[in-house]
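Listed below are the residues making up each chain.
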Amino acid sequence: MPTKIEVLATLQLVDQSLRAKTRAVAEGEGRVAALEEAVSAQTAAANAVRVELAALGVRQRDLEGRLTAAEAKMKDRRMRMTRIRNDKELGLARREVDLLKEEIGTLETELMAVMEQVEGATAKLAGLAAELARLAAERDREASELRETLARLSSEIERERATRSELVQTIDGDLRRKYEMIFSRRGGLAVVEVRGGICQGCRMRVPPQLFNQIQRNAEVILCPSCQRILYATRDPCLGSEADASVERSVGSAEAVPRPAKPARQN
Ligand SMILES: [Zn+2]
């Protein structure tokens, strides 16, 4: 029959395993969610560039239309000039052709600028589309990895949860709450072995007067420095000389009355 501290040590193994598995699932979910968000952001950015390109296209067609019209008009005026015999009319026609030349020059400059913008936006869209494809592929890969992780771990998680509830039923409620509190506050390590007189949770030396009590694994004895529940393994191979010597004295220690002021809490 294991002592309550030994049951807690077993419960901790189950809890650590559950915690690692639950974390693996949560991390997978987190990665998929982050990639999903990146895909959305990238899609929005690509759509914004598409809108910009559509507006530039409208502007380009408008400029092209106006340019064609101005060029046609100039050609027509030049044709007319050949038929003009009057100096005054010729002067006016020349003036009109000059103005048309100026207009055509301005339109060409504007059109060039718009075409450059179209080129830039097209390149930007290609870059965004490539990045979007990469992110979507990564998202799909992570999602399938997550499905695999879930398939692999969910039955284990279920089994461990069942083991956990069985173990928990044998533990007193107050003790269980104390253990759970330490487990969550102390990084998933609530029950720690004392090896060679050293607490394996914080590496501090445990006062020797606590050794006998710790060896029995019967009482909740907290490490004076890290406040974790101290535990002794029954396997002497795992202990050092110090543990082993106490191990040998356990039989007689049972009969020894407890110290007047042990640092133990229930
Ligand atoms: Zn400690």
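Rules used throughout
- Residues numbered from 1 in each chain as written.
- Predicted model: local features only at pLDDT ≥ 70, side-chain atom pairs only at ≥ 80, totals over all residues.
- Heavy atoms only, no water.
- Helix = DSSP H or I, 4+ residues; strand = E, 2+ residues; numbered from the N terminus.
- Buried < 20%, exposed > 50% of the residue type's maximum accessible area, 1.4 Å probe, protein only.
- Donors = N, O, S within 2.8 Å, 3.2 Å for Na, K, Ca; no water.
- Tetrahedral: all angles 85-135°; square planar, octahedral: opposite > 155°, others 65-115°.
- Core = buried A, V, L, I, M, F, W, Y, C linked by side-chain atoms within 4.5 Å.
- Contact = heavy atoms within 4.5 Å.
- Polar contact = N/O pair within 3.5 Å; in protein donor to acceptor, adjacent residues only side chain to side chain.

Trainee: Help me understand the overall build of the protein, please; the structure alone is not making it clear to me.
Mentor: Looking only at helices and strands, the protein has five helices and three strands in total. Helices (α) and strands (β) of the protein occur, in sequence order from the N terminus, as α-α-α-β-β-α-β-α. The buried share of the protein, taken over its 266 residues, is 38%.

Trainee: When you look at the coordination of the zinc ion in this model, what are you seeing that I'm missing?
Mentor: As a benchmark, a tetrahedral metal site with four donors has ideal angles of 109.5 degrees, while an octahedral site with six donors has ideal angles of 90 or 180 degrees. For the zinc ion, every protein donor is listed as C199 (SG), C202 (SG), C223 (SG) and C226 (SG), and the spread of their distances is 2.3 Å. Taken together, the four donor atoms surrounding the zinc ion define angles of 104 to 113° at the centre, an arrangement classified as tetrahedral. Donor residues binding the zinc ion come from one chain and are separated in sequence as C-x2-C-x20-C-x2-C. Judged by its relative accessible area of 2%, C223 falls in the buried class.

Trainee: Teacher, can you tell me more about the nonpolar core here?
Mentor: Most often, soluble globular proteins keep nonpolar side chains buried together rather than apart. I5, L8, L11, Y179, V191 and I229 are the most contacted members of the largest nonpolar core, which totals 23 residues. Secondary-structure elements contributing two or more residues to this core are helix 1 (4–83), helix 2 (87–169), helix 3 (173–185) and strand 3 (229–231). Once residues lying within four places of it in the same chain are set aside, the contact partners of I5 are V191, N217, A218, E219, V220, I229, L230 and Y231. Listed in part, the 22 residues of the second largest apolar core include V49, M74, M81 and L125.

Trainee: Would you mind showing me how to read the side chain of Q200 here?
Mentor: With respect to the secondary-structure elements, Q200 resides in the loop between strand 2 (198–199) and helix 4 (211–216). From its side chain, Q200 meets the backbone oxygen of I198 in a polar contact 3.1 Å long. For Q200, the contacting residues outside a window of four places in its chain are V192, E193 and R195.

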